[in-house]
Amino acid sequence: MFYKLKFFSPWVALSILIFCIFASPIFIVLVSLFGDYSNNWIHLYNYVLGGYIYNSFFLILGVSFISLVLGIGSAWLITNYNFFGKNFFDWALILPLAVPPYILAYTFTGLFDSYGTANNLIRELFVLDPSYIFFPNVRNIYGAIIVFSFTLYPYIYLATRIAFLNQSKSLREVGETLGLSKLGVFFKLTLPMIRPAIIGGLMLVIMETLSDFGAVEHFALQTFTTGIFRTWYGMYDLQTAMQLSSLLLIFITFFLVLERYSRKNVSYTSGSPTYGKIEGKQLVGGKNFLCFLFCLLPLMIGFILPISELTNWALNYKLDFFDESFIKNSLNTIYLALIAAFLCSSIALIINFSGRIQRNKFFGFLSSSLSLGYGLPGIILAIGIMQLFIFLDNYIIFLNFVFTGSILGLLIAYVIKAYALANTSIESGYIRISPYMEDIAKTLTASNFKILLQVHLPLLKTSFLTSALLVISEVIKELPATLILRPFNFDTLAVSTYIYASEERMFEAAAPSIAIVLVGLIPIYFLTKAIRSSRPGKEN
């Protein structure tokens, strides 16, 4: 793999340089485990580390269970049954993905607090005592489990829905011939065969849950991310914060390795599959209503309720929606998102192009390694980048540039987090381009640079634009890395939402929250197209 590389090629050198730049923050975080351990670490180890592990693990278990039930259950019902609202739920069940967990957490507290909208409504409807509280307090780990489950289940729904659509029709027919009921086919045949899709979606849910800061901090939960933030900003101990980050990074890596090892040497394909359109069974009466209710519940809690409450706050309590602060933060967000989208998409293009012209698996390794950054918590990236910049400021003084506190740190974090999204779009675009095209261009003495600009780029315009839009959506929602790495007096929509919510100024948080959700709807459009274009193959 490596010995065939032309190391003096500028494309190879550029790809390796990009990889080293973006891998160095992660390496720095891991190296901290071999450094000195302070008294703060001893205090954390003796008194709170066990709580961080327990709460994080309990949170993962609860979120995983509910997300699996919602995601797999709704995908199975929509694939195999016809009921009222099926065509609507087919795409609408993805909408909660546009709502970041921290925004749902903020709206949940506004809805279900002691004197929130829901409790006030109950008291007014039934003429109850003003001190009467119907809905319990949601600022606890159980409330956090609900928030994460109803915003992250679409990851599992998307993966399993596409897997169900592309599953062999003969598999189900054989199961039914052998006397299995619909439930028997589901549990004994269908579910085991789509295990990679389920585990893939579940890994995204777990990584998003572990990496979140805004929601768990708002609910005052002691998890790894809140512990890292408090160690750094409360104890002013960067070294201990890095060591905590290393443990979280190892924790996430363990899940990824376990998942890949568990399906090693196991086949999930049918020997002679027959694909065809799945004819759903028509449901009537109570079963029809129950299926409708099951699909409506996650959509109601994960999207309709928060959007309704945010709109209510924005229009009825905060009429100066487009004030100076909102416009300034929006411009900062757009400015960062556009630069990050261009950089991320360009880097994905360069690495995929280098692999294309070199025809070496080494670039696949580079791309896969960088794609793992999507699963890294923003707070870990922020700590690694901050430590890298401190080193550069101390030892590379001839540049006359201060790295710490600059926009550059944010851009590096965004590129690491969003590279997987950009790479998926660019890679899928390259699959549709015949490798003979660059061979023909080379016979016409075209350089590699000309092939990229004049042959590949025009053919990849749609993929490049899709990549940029997906990165923009991810950047606008990112909170922990932005909160830590932003320059002084530089706020984005996510940061302003967090600041307002942390100060219990929920009405002011409505405007930036709505803007974030609206931008988050952009990738939903492309995801919906992906599901609709997923065909079961030729009917037999």
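Residues numbered from 1 in each chain as written. Predicted model: local features only at pLDDT ≥ 70, side-chain atom pairs only at ≥ 80, totals over all residues. Heavy atoms only, no water.

Engineer: Which parts of the structure should I look at to understand the side chain of T482?
Structural biologist: Inspection of the secondary structure assignment puts T482 in helix α22 (residues 480-485). The exposure class of T482 is buried, given its relative accessible area of 0%. A polar contact is formed between the side chain of T482 and the side chain of Y414, at a distance of 2.7 Å. If sequence neighbours within four positions are ignored, T482 has contacts with L410, Y414, T492 and V495. (Helix = DSSP H or I, 4+ residues; strand = E, 2+ residues; numbered from the N terminus. Buried < 20%, exposed > 50% of the residue type's maximum accessible area, 1.4 Å probe, protein only. Polar contact = N/O pair within 3.5 Å; in protein donor to acceptor, adjacent residues only side chain to side chain. Contact = heavy atoms within 4.5 Å.)

Engineer: It is not clear to me how the environment of A509 should be interpreted in this structure. Could you clarify?
Structural biologist: Along the chain, A509 falls in helix α24 (residues 506-532). A C-alpha to C-alpha distance of 7.7 Å links A509 and Y498, two positions 11 residues apart in sequence. If near-sequence neighbours (up to four positions away) are discounted, A509 is found in contact with T497, Y500 and A501.

Engineer: Whenever I open this one, the pattern of salt bridges confuses me. Can you help?
Structural biologist: Two side chains carrying opposite charge are able to pair once their charged atoms lie near each other. One pass over the structure, following the stated rule, counts 4 salt bridges. One salt bridge in this structure joins R486 and D491, with 2.4 Å as the shortest N-O distance. Between E508 and R505 there is a salt bridge, with its nearest N and O atoms 3.9 Å apart. The class for E508 is partly exposed, based on a relative accessible area of 22%. Look at the salt bridges and you will find they share partners, linking E503, R505 and E508 into a network. (Salt bridge = Lys/Arg side-chain N within 4 Å of Asp/Glu carboxyl O.)

Engineer: I tried to follow the confidence of the model for the protein on my own but got confused; where do I start?
Structural biologist: Note: predicted coordinates in regions of low pLDDT should not be interpreted at a detailed level. When pLDDT is averaged along the protein, the result is 81, and 88% of the positions lie at 70 or above. Element-level mean pLDDT values for the protein span from 70 in helix α8 (residues 169-177) up to 93 in helix α3 (residues 49-80). (pLDDT = per-residue confidence, 0-100.)

Engineer: Looking at this structure, how should I read the nonpolar core?
Structural biologist: Taken as a class, soluble globular proteins show a tendency for nonpolar side chains to be buried jointly. Grouped together as the largest cluster of nonpolar side chains are 158 residues, with contacts concentrated most on F22, L59, F83, F148, L244, I383 and Y430. Beyond its immediate stretch of four places on either side in the chain, F22 contacts I347, L370, I412, V415 and I416. (Core = buried A, V, L, I, M, F, W, Y, C linked by side-chain atoms within 4.5 Å.)

Engineer: How should I be thinking about the packing of aromatic side chains in this particular structure?
Structural biologist: The way to describe two aromatic rings as a pair is by their centre distance and the angle between their planes. Summed over all chains, the structure comprises 17 aromatic pairs. An angle of 20° between the planes, with centres 6.0 Å apart, marks the rings of Y54 and F58 as stacked. Taken together, the positions of Y54 and F58, both in helix α3 and 4 residues apart, correspond to about one turn of that helix. Taking relative accessible area as the criterion, Y54 reaches 55% and is therefore assigned exposed. Relative to Y498, the ring of F213 has its centre 5.9 Å away and its plane inclined at 45°; by these criteria the two rings are tilted. Highlighted residues: F213 in the loop between α10 (195-211) and α11 (214-218) and Y498 in helix α23 (residues 493-502), separated in sequence by 285 residues. Residues F213 and Y498 agree in their burial class; the two are buried. Taken together, F84, F88, F89, W91 and F292 form an aromatic cluster joined through their ring pairs. (Phe/Tyr/Trp six-rings, centres within 6.5 Å; stacked < 30°, edge-to-face > 60°.)

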